[in-house]
Amino acid sequence: MTATDPVSFWDHDLGPRALRAPLASDSEVDVCIVGAGLTGLWTAYYLAKAEPGLRIGILEREYAGFGASGRSGGWLSNFLAGSRERYAKKHGRQSVVDLQHEMDASVDEIIKVLNAEGIDADLDKPGVLTVARTPAQWERLQAKVVEDEAWGERDQVLLDAAACADRIRIADAVGAAYSPHCARVHPAKLTAGLAAAVEDRGVWIWEQSPAVRIEPHTVHTPSASVRARHIVLAVEGFTAEIRGHHRDLLPMNSSMIMTERIPDSVWETIGWAGNELLGDMAHVYFYAQRTSDGRVAFGGRGKPYRYGSRIPAGGTIPQVTVEALRNLMVECFPALKRVDIADAWSGVLGVSRDWCSTLTRDTRTGALIVGGYAGHGMTTTNLAGRTVRDLILGLDSDLLSLPWVDHTSQRWEPEPFRWLGVQAVYGAYRGADAREDRSGRGTSMLGRAANLLAGR
């Protein structure tokens, strides 16, 4: 069997792939991982490397990398998901500084593994530019850099408008911040390469094998069950579909467009010769990369949430979202006005009620639950994999003292309050961006109110 109907440009670019066999009969392993995204794959990789004789199996509903891991913007960033103040209140300020430094190191750890395993994922580590396009955004960005440094963020540099234009020419840019702690990857190549690497280490990956029920030491699929000493639930944005976990993480939609290849003459107009990853300081922000084959991958929120935590099948997005993303891209880069869009897609990411990543244990089933990356999962998944390894193997590890371990968040509100809340928050964010564009003043009160309502 081969996987059909690619869910993103990245998936299509990877080409046809053979589907792995599903779980056909009851099995027993030492560790059963639910979800063959990056959290599950990194966990399997580090466990198999540390204990080669460990029996590890991964159950995957579709195929490895089907979810956000294979559809993302391809950012290996050091960004933290969640409130540093909330983490510090429980574990102390130094623990948050330690977490930041671990995130810095995790970017380089991923690069080391890709090189060691010979995984070609279009890797480049040019750093990231966060651009301010209004005076209000510039005010927030300067304050953010100061605050980041106080929490352990290192090596950021503020750039004025002229210095920003030397790197990349974005219409109306007031300034930017540069950090070297970010790398670019092709996410589908990364997940496919990592899946092959764990199989080479003896890990079983059962595709087309959804987990329909989890009990202590047992995961059930429609056709068979897996017994295990340890269970790891690593489905992130799809957590809401697991029985008993519907309100744990909210599946937030993020959408992307990919341009056709851009002529050299247009690149000369834009600049961007350094290939930095790119984002901005709007409340409803964008994220982008210059791909290895000369395209722009450009993403943003689109329609952020569907009633009842429904997840759109196949990653399709409405044309109005495509046009909105294209219009925003052209606002930033007028030279792209005549460049066609090659593909558009969406994916879901997991967001906890307090927007903090968590690694906790389900008191009912004993399963380790990992997720809530809030869009910063490409790197956090690697840290998660190494931390879960240490938990399962009972290692004395500094990773286990990081503040996201055993961090708990309240559950999301039931419907319709969940849907109404998300609509109100993102409506306020969009209103705040519009006001800031017109006023030329500081951060809109709408944006501040939305942050309070969101619990950020």
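Because the structure is a prediction, the values reported are computed rather than measured.

With that out of the way, let us pick up the overall build of the protein. A count of helical and extended segments in the protein gives 13 helices and 18 strands. Relative to the 2.2 N^0.38 estimate, which gives 23 Å for 456 residues, the radius of gyration of the protein is 21 Å and therefore close to what a compact globule would have. Taken along its principal axes, the extent of the C-alpha atoms in the protein is 60 × 45 × 40 Å. Every one of the 456 residues in the protein was classed for burial, and the buried ones make up 59%. If you sum the accessible surface of the protein, you get close to 18300 Å²; carbon and sulfur atoms cover 51% of it. Between the mean site of the 50 positive side-chain charges and the mean site of the 56 negative ones, the protein shows a separation of 5 Å.

Moving on to the packing of helix α2 (residues 38-50) against helix α5 (residues 93-117). Where α2 contacts α5, the axes come no closer than 14 Å and their chain directions differ by 70°. Looking at the two axes, α2 sits roughly perpendicular to α5. Viewed along their axes, α2 and α5 form a crossing whose handedness is left-handed. Judged by residue contacts, Trp-42, Tyr-45 and Tyr-46 of α2 engage Glu-109, Ile-110, Val-113 and Glu-117 from α5. Here the contact of α2 with α5 is built from residues that sort into five nonpolar, no polar and two charged.

Another aspect to go through is the side chain of Thr-387. When you line up the elements, Thr-387 lands in helix α11 (residues 377-393). Leave out the neighbours within four places in its chain, and Thr-387 touches Leu-359, Leu-399, Leu-400, Trp-404 and Val-405.

Here we take up helix α4 (residues 84-91). Within the span of α4, buried status applies to Arg-84, Tyr-87 and Ala-88. In an axial view of α4, the angular spread of the buried residues amounts to 95°, which keeps them on one side of the axis. Against α5 and α6 (135-150) lie the buried residues of α4.

All right, on to unusual backbone geometry then. Among all residues save glycine, negative phi is the norm, and among peptide bonds the norm is trans. Note the cis peptide between Glu-415 and Pro-416, where omega equals 5°. The backbone of His-217 sits at a positive phi, close to 65°, despite the residue not being glycine. With respect to the helices and strands, the residue His-217 is situated in the loop between β9 (213-215) and β10 (218-220). Since its relative accessible area comes to 39%, His-217 is described here as partly exposed. Its identity as a non-glycine residue notwithstanding, Ser-309 has a phi of 60°, on the positive side.

Procedures and definitions
- Residues numbered from 1 in each chain as written.
- Predicted model: local features only at pLDDT ≥ 70, side-chain atom pairs only at ≥ 80, totals over all residues.
- Heavy atoms only, no water.
- Helix = DSSP H or I, 4+ residues; strand = E, 2+ residues; numbered from the N terminus.
- Rg over C-alpha atoms; globule rule 2.2 N^0.38 Å.
- Buried < 20%, exposed > 50% of the residue type's maximum accessible area, 1.4 Å probe, protein only.
- Areas by Shrake-Rupley, 256 points an atom, 1.4 Å probe, with all protein chains shown as cover.
- Lys, Arg positive; Asp, Glu negative; His and termini not counted.
- Charge placed at Lys NZ, Arg CZ, Asp CG, Glu CD.
- Axes fitted to C-alpha atoms, helices over the stretch in contact; angles between N-to-C directions.
- Parallel < 35°, antiparallel > 145°, perpendicular 65-115°, else oblique.
- Left-handed = near helix turned anticlockwise from the far one by under 90°.
- Contact = heavy atoms within 4.5 Å.
- Nonpolar A, V, L, I, M, F, W, Y, C, P; charged D, E, K, R; others polar.
- Arc of directions from axis to C-beta.

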